[in-house]
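Coordinate inspection notes
Spelled out from the first residue to the last, the chains are:
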Amino acid sequence: MREQADKINNRTIDNILTLIKKQNKTNEEFMSDIINNTYMTENRISRILDKTTKMPITVKELFCISLILGVDITTLLKDVD
């Protein structure tokens, strides 16, 4: 079960990184935007972007990320099995 959760988490992070790149933002710019406009901490968002997080991304975090990226939350879950 943990394997499947990791797979879903990594695919979601890949989608986030793709969207950041499409918007011509650096990870640092994205981190600054999300830290200044949401409750998420620098430590948490950097672990998510580096794929070193042991805790899965929550729906609340996905919502914050989708707001900063200006996309629907379902876009972050695209192609997640």
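Our subject is the structure listed above.
Residues numbered from 1 in each chain as written. Predicted model: local features only at pLDDT ≥ 70, side-chain atom pairs only at ≥ 80, totals over all residues. Heavy atoms only, no water.

With respect to the pattern of salt bridges
Applicable threshold: Any carboxyl oxygen of Asp or Glu that lies within 4 Å of a side-chain nitrogen of Lys or Arg is treated as forming a salt bridge with it. Here's how the labels work: a residue is buried when its accessible area is under 20% of the maximum for its type, exposed when over 50%, partly exposed in between, all with a 1.4 Å probe on protein chains only.
One pass over the full model with this rule turns up four salt bridges. With its nearest N and O atoms 3.0 Å apart, the salt bridge here joins K25 to D33. The class of K25 is partly exposed, set by a relative accessible area of 22%. A salt bridge links E61 to R44; the shortest N-O distance between them is 2.7 Å.

Side note on the side chain of T53
As a reminder, the rule being used: The helix and strand labels rest on DSSP assignments: H or I over at least four residues marks a helix, E over at least two residues marks a strand, and numbering proceeds from the N terminus. For the purposes of these results, a polar contact is taken to be a pair of N or O atoms within 3.5 Å, where, inside protein, one atom must be able to donate a hydrogen and its partner to accept one; residues adjacent in sequence count only when each atom of the pair is a side-chain atom. The contact criterion used is simple: two residues touch if any of their non-hydrogen atoms lie within 4.5 Å.
Within the secondary structure, T53 sits in the loop between α3 (42-50) and α4 (59-69). At 2.9 Å, the side chain of T53 forms a polar contact with the backbone oxygen of M55. With residues up to four places along the chain from it excluded, the contact list for T53 reads N9, R44, R47 and I48.

Remarks on unusual backbone geometry
Within the chain, N24 stands out as a residue other than glycine whose phi angle is a positive 55°. Structurally, N24 is set in the loop between α1 (2-22) and α2 (27-37). Of note in this structure, K51 is not a glycine but carries a positive phi near 60°. For K51, the location among the structural elements is in the loop between α3 and α4. On the accessibility criterion, K51 (36% relative accessible area) is partly exposed.

Concerning the nonpolar core
Selection rule: Put simply, buried Ala, Val, Leu, Ile, Met, Phe, Trp, Tyr and Cys residues joined by side-chain atoms within 4.5 Å make one nonpolar core.
In this structure, I16, F30, I45, I65 and L69 are the most contacted members of the largest nonpolar core, which totals 18 residues. Elements that contribute at least two residues to this core include exactly α1, α2, α3 and α4. Considering each element in turn, this core owes the most residues, five residues, to α4.

Looking at the packing of aromatic side chains
Here is the rule: In this analysis, rings of Phe, Tyr and Trp, with Trp reduced to its six-membered ring, are considered paired at centre separations within 6.5 Å, and the interplanar angle assigns stacked below 30 degrees, edge-to-face beyond 60, and tilted for intermediate values. Cation placement over rings: the criterion is NZ of Lys or CZ of Arg within 6 Å of the ring centroid and within 35° of the ring normal.
Summed over all chains, the structure comprises zero aromatic pairs. Between the NZ or CZ atom of K60 and the centre of the ring of Y39, over which it lies, the distance is 4.8 Å.

Looking at α2
Heads up, the condition is: Note that the arc is defined by the directions from the helix axis to the C-beta atoms.
Buried within α2 are the following residues: F30, M31 and I34. The buried residues of α2 occupy an angular sector of 100° when projected down its axis, which confines them to one face. Facing away from the buried side of α2 by more than 90 degrees, the exposed set consists of E28, N36 and N37. Its buried side turned inward, α2 meets α1, α3 and α4.

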